[in-house]
Amino acid sequence: MIRSLIFDTQAGRITAGGIEQVETWKNNDKLQLWLDIDGEDLARVQGILEDFEVHPLALQDALRERHPPKIEQFDKQLFVLLRGLDATTEGIDYGFIQLSLFIGKRFLITRHNKASLSVNWLFESIQKQGDITNVSPGALAVRLSGRLVKRYVQILLDLEPRLDEIESEMFDNPDDSLAAELTSYKSRLRHLARISNYHKHVFSFLKREGSPQIDPALSHEIVDVFEQVERTGSLADLYYEVAKDLTDGYLALSSHRLNNVMQILTVFTVIFVPLTFLAGIYGMNFQYMPELNSSFGYFMVLGVMALAAIAQFVYFKRRGWI
């Protein structure tokens, strides 16, 4: 799907359409264009981007299936590659999309291989508000970036209550599924921290160096995006440590429970060792065993066995082993 918005600042009008609006934009240097490419055949995407004189290196990165977030300044445009959350993401069980932004003086091109909630939100918001006072390509790119990184913050904040629940469940109803869940969280949080680090480099560069395609008046908005990225990284690191501590705590509790079980089994084994010893001796069918001829031999052996068991039980109880 290809859609577009043309901004006519003189007439105060926004026109929505598709790829056909590119010709209208080309024929009027007073117009500004946002062209959004969702999916589409790679050959067609390449043809469109080449028509806008996108640098070959930026084009190559934008068409890759996976590439780390980056920023690169070219003569005629600024290229920003971000990694956003896909439309199905509702929590820490997330999916990614590649979002490429080509920012020129009069155009913004966004390209993504899957639906982007951030792009959809901004596209619909602009049409609903009808406000074109701040719709320069650079301003749109910064606003879109801010929306994208805030989604990361939200899924991390939504994870905190679940971590609290796991901590309670560990003591009330420990289960191996909790350990598996925590392991999954650690893996995803580590991944989020790595993505956040890439984004941090992107917006740190933009905050520090600026760009001819980005109005200097947007510096405060860029700082806000940078702070959101930093917050994403710090929350991912924090919750990773929490998940790690919970995992260590679960393993410690499991080890403690196992030690208790082994202690009880050991105590009962020790109690039955002398009983088994006596049973083994008198289970030998030798003809000349003196106790076999005693009328009270059977009861005497049972008494000795019972006394040995009771004595050991009392001893272990006093030592606190059972």
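Being a predicted model, the structure only gives us computed values, none of them experimental. (Residues numbered from 1 in each chain as written. Predicted model: local features only at pLDDT ≥ 70, side-chain atom pairs only at ≥ 80, totals over all residues. Heavy atoms only, no water.)

What follows concerns the overall build of the protein chain. On a plain count of helices and strands, the protein chain comes out with eight helices and seven strands. The C-alpha radius of gyration of the protein chain comes to 35 Å, more than 25% above the 20 Å expected for a compact globule of 322 residues. Along the first, second and third principal axes, the C-alpha set of the protein chain runs to 125 × 40 × 35 Å. Within the protein chain, the fraction of its 322 residues that count as buried is 42%. Residue pairs at least 24 apart in sequence account for 64% of intrachain contacts in the protein chain once pairs closer than 6 positions are excluded. Entry remark: accessible area of the protein chain is about 17,700 Å², with carbon and sulfur atoms responsible for 56%. (Helix = DSSP H or I, 4+ residues; strand = E, 2+ residues; numbered from the N terminus. Rg over C-alpha atoms; globule rule 2.2 N^0.38 Å. Buried < 20%, exposed > 50% of the residue type's maximum accessible area, 1.4 Å probe, protein only. Contact = heavy atoms within 4.5 Å. Areas by Shrake-Rupley, 256 points an atom, 1.4 Å probe, with all protein chains shown as cover.)

Another point: helix α4 (residues 117-129). For an α-helix the count is 3.6 residues per turn, leaving residues at separations of three or four pointing the same way. An ideal rise of 1.5 Å per residue puts 18 Å on 13 residues; α4 measures up with 18 Å between its terminal C-alpha atoms. For α4, the set of buried residues is S118, V119, L122, F123, S125 and I126. An end-on view of α4 places all buried positions within 165° of arc, on one side of the element. Packing partners of the buried residues in α4 comprise β1 (2-8), β2 (13-17), β3 (31-38), β6 (96-103), β7 (107-112) and α5 (137-172). (Expected span 1.5 Å × (residues − 1). Arc of directions from axis to C-beta.)

Before going further, it helps to spend a moment on unusual backbone geometry. With a phi close to 60°, E53 is a non-glycine residue in the positive phi region. By the secondary structure assignment, E53 is in the loop between α2 (42-51) and α3 (56-62).

This next bit is on the packing of α4 against α5. At a closest axis distance of 9 Å, the pairing of α4 and α5 adopts a crossing angle of 130°. Judged on the interaxial angle alone, α5 and α4 are oblique. Note on packing geometry: the crossing formed by α4 with α5 is right-handed. Two secondary-structure elements touch here, α4 through L117, S118, V119, W121, L122, S125, I126 and Q129 and α5 through L140, R143, L144, R147, L148 and R151. (Axes fitted to C-alpha atoms, helices over the stretch in contact; angles between N-to-C directions. Parallel < 35°, antiparallel > 145°, perpendicular 65-115°, else oblique. Left-handed = near helix turned anticlockwise from the far one by under 90°.)

Strand order in this open sheet of seven strands is β2-β1-β3-β7-β6-β5-β4, and the pairing throughout is mixed. The open sheet is flanked by β2 and β4 (70-73), the only strands paired with a single partner. Across the sheet, the mean angle from the axis of one strand to that of its neighbour is 15°, orientation sign disregarded. Relative to β7, β6 runs antiparallel, the two being bridged by five bridges. Residue pairing across strands places L99 opposite H112, the latter belonging to β7. Each of β1, β2, β3, β6 and β7 is contacted by α4, which is oriented at about 40° to β1, the strand it contacts most. Across the sheet, helix α6 (residues 176-209) lies against β4, β5 (78-85) and β6, angled at about 155° from β5, the strand it touches most. (Pairing = 2+ DSSP bridges.)

Let us look at the packing of α5 against α6. As a packed pair, α5 and α6 sit with axes 12 Å apart at the nearest point and diverge in direction by 155°. In terms of orientation, α5 lies roughly antiparallel with respect to α6. The chirality of how α5 crosses α6 is left-handed. Across the interface between the two elements, S145, L148, V149, Y152, I155, L156, L159, R162, L163, I166, E169 and M170 of α5 pack against L178, E181, L182, Y185, L189, L192, I195, H199 and F203 of α6.

Burial runs high along β6: eight of the eight residues are buried. Where burial is concerned, the two faces of β6 agree: the one with F96, Q98, S100 and F102 and the one with I97, L99, L101 and I103 are both buried. Bridge count for β5 against β6 is eight bridges, and the pairing is antiparallel. Looking across to β6, one finds that R83 is bridged to Q98. Where β6 folds back on β7, the antiparallel hairpin that results is connected by three residues.

Ranked by size, the top nonpolar core spans 58 residues in total, and within it W34, L101, L192 and F203 carry the most contacts. At the level of elements, β1, β5, β6, α4, α5, α6 and α7 (219-282) are the ones that each hand at least two residues to this core. It is α5 that provides the largest number of residues to this core, a total of 15 residues. Among all residues touching W34, those that are not within four sequence positions of it are R3, S4, L5, F7, L108, T110, V119, L122, F123, I126 and L140. Within the second largest apolar cluster, 23 residues are counted, among which are I2, F52, F107 and I109. (Core = buried A, V, L, I, M, F, W, Y, C linked by side-chain atoms within 4.5 Å.)

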